[in-house]
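# Inside the fold
Here's the letter readout for the chains.
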Amino acid sequence: MMPRTILVVPCFNEADRLDEPELARFVGQSGHELILVDDGSTDATLPQLRRLAQTIGSAAQVVALAQNRGKGEAVRTGLLHALDMGAEVVGYFDADLATPVAEVARLVGELVQSDLDGVIGSRVAHLGADIERKPLRHYFGRVFATGAAITLGTRVYDTQCGAKVFRAREPLRAALSQPFSSRWAFDVELLGRLFACGARVIECPLREWKDVKGSKISPVAMVHASLELAKIYVRLRAFRRRHA
Ligand SMILES: Nc1nc2c(ncn2[C@@H]2O[C@H](COP(=O)(O)OP(=O)(O)OP(=O)(O)O)[C@@H](O)[C@H]2O)c(=O)[nH]1
Ligand SMILES: [Mg+2]
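We now turn to the structure provided with this report. (Residues numbered from 1 in each chain as written. Chains lettered and ligands numbered in written order. Predicted model: local features only at pLDDT ≥ 70, side-chain atom pairs only at ≥ 80, totals over all residues. Heavy atoms only, no water.)

Take the site of ligand 1 next. Looking at ligand 1, there are 22 residues lining it, with P10, E14, D39, S215 and K216 nearest. For ligand 1, an oxygen atom lies 3.1 Å from a polar atom in the backbone of F12. Here a nitrogen atom of ligand 1 and a backbone polar atom of G70 are 3.5 Å apart. In this structure the site holding ligand 1 corresponds to the largest pocket. Of all elements in the fold, only β1 (5-11) and α3 (71-84) reach the threshold of two or more residues within the shell around ligand 1. (Near = heavy atom within 4 Å. Polar contact = N/O pair within 3.5 Å; in protein donor to acceptor, adjacent residues only side chain to side chain. 1 Å grid on protein atoms, 1.4 Å probe; cavity = no way out; pocket = protein on both sides within 12 Å on 5 of 7 lines; lining within 4 Å. Sits in = over half its atoms within 2 Å of the grid points. Helix = DSSP H or I, 4+ residues; strand = E, 2+ residues; numbered from the N terminus.)

Next up, the structure:
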């Protein structure tokens, strides 16, 4: 039987991008549940999420943050909520469905077939995969990814793909126990904390991923995220000492 799976969708001003029918279909077909986190949106996102949750029924919940806290905190809040609800598998994916829901479902499938603690999507362009990324974002992303791998001291190809799933076990609880020190590079910190707690996580190359218009991450934010890697490096050292 499929373990109870609750997935978090962080949403900040997603009124124009939210594909309600697709998300509702996903819940119906996969049997997974959704926690839709509104991160203090200033557009019609919150009423839209409430309407979607109503359409889906008990398998979807809305968590509304009063103020914009950034993707990391929105995801962390949603994941803690999912753990409280008794999920056995949790995860998150971007509201713009850059990672298609079918691929998210595949990540869950890979995880539950294994004894791993986590399976994260990886945007590796190769023959047979449909990975559509703007060149500039790709090259910037590769530079960031190299910095992220150095920060983590391990060979990870893509820390920043929006789709990740984890077992609801102790390493994850420990990794989520304190806020992240970065808004956008939080995935790196989450992975670092998981590794520090002995979690086994693998990357799963996605078959399909696309850049969706309307990204809210500015070039300035991207540079900022890179600088935050140094901070994460220091914080992770302290985290490792505490969890040694
Ligand atoms: N919680 C929160 N989520 C945000 C914020 N900005 C964006 N998001 C969410 O984070 C996810 C990714 O945001 P995007 O704007 O699509 O980011 P992107 O530039 O496409 O990033 P990639 O898809 O990784 O290339 C979406 O689900 C957004 O709603 C924010 O300030 N807070
Ligand atoms: Mg996107």
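Within a regular beta strand, the side chains point alternately toward one face of the sheet and then the other, so they alternate between its two faces. Side chains K164 and F166 project from strand β7 (residues 164-167) onto one buried face, and the interleaved V165 and R167 project onto a second face that is buried too. Looking at chain direction, strand β4 (residues 89-92) and β7 are connected through 4 bridges and run antiparallel. Paired with V90 across the strands is F166, a residue of β7. (Buried < 20%, exposed > 50% of the residue type's maximum accessible area, 1.4 Å probe, protein only. Pairing = 2+ DSSP bridges.)

Time to look at unusual backbone geometry. Here the phi dihedral of N13 falls at roughly 50°; this positive angle occurs in a residue that is not glycine. Summarising the element assignment, N13 is placed in the loop between β1 and α1 (20-30). Accessibility expressed as a relative area gives 23% for N13, which makes it partly exposed.

In this structure, K71 sits in helix α3. Ignoring sequence-local partners within four residues, the contact set of K71 consists of P10, D39, D94, G162, R183, W184 and F186. (Contact = heavy atoms within 4.5 Å.)

By the definition in use, this model includes 3 aromatic pairs. For the pair F26 and F93, a centre-to-centre distance of 5.9 Å together with 85° between the ring planes defines the contact as edge-to-face. Pair noted here: F26 is in helix α1 and F93 is in the loop between β4 and α4 (101-112), with a separation of 67 residues, a long-range link. You can call F26 buried: its relative accessible area is 4%. Judged by its relative accessible area of 0%, F93 falls in the buried class. (Phe/Tyr/Trp six-rings, centres within 6.5 Å; stacked < 30°, edge-to-face > 60°.)

What follows is about the packing of α1 against helix α2 (residues 45-56). Relative to each other, α1 and α2 sit at 35°, their axes nearing to 10 Å. The handedness of the crossing between α1 and α2 comes out as right-handed. Contacts between α1 and α2 involve E20, L23, A24 and V27 from the former and Q48, R51, L52 and I56 from the latter. Classifying every residue of the contact of α1 with α2 gives 5 nonpolar, 1 polar and 2 charged. (Axes fitted to C-alpha atoms, helices over the stretch in contact; angles between N-to-C directions. Left-handed = near helix turned anticlockwise from the far one by under 90°. Nonpolar A, V, L, I, M, F, W, Y, C, P; charged D, E, K, R; others polar.)

On to the layout of surface pockets. In this approach the atoms are scanned with a rolling probe the size of a water molecule, which exposes any empty space left behind. Approximately 810 Å³ is the volume found for the largest pocket. Elements supplying a minimum of two residues to the lining of the largest pocket: β1, α3, α5 (135-152), β9 (208-210) and α8 (219-242). Of the residues belonging to the lining of the largest pocket, the class tally is 17 nonpolar, 7 polar and 16 charged. (Points joined across faces, edges and corners; volume = space filled by probe spheres on them.)

This next bit is on a positive patch on the surface. On the surface, a cluster of positive charge is made up of R237, R240, R241 and R242. Structurally, the position occupied by R242 is in helix α8. (Patch = residues over 30% accessible without salt bridge, like charges linked within 9 Å, V, L, I, M, F, W, Y side chains within 5 Å. Areas by Shrake-Rupley, 256 points an atom, 1.4 Å probe, with all protein chains shown as cover. Salt bridge = Lys/Arg side-chain N within 4 Å of Asp/Glu carboxyl O. Lys, Arg positive; Asp, Glu negative; His and termini not counted. Charge placed at Lys NZ, Arg CZ, Asp CG, Glu CD.)

Let us now look at the side chain of R106. Mapped onto the secondary structure, R106 falls in helix α4. There is a polar contact of 3.1 Å between the side chain of R106 and the backbone oxygen of P205. Filtering out sequence-adjacent residues up to four positions away, R106 remains in contact with C204, P205, L206 and R207.

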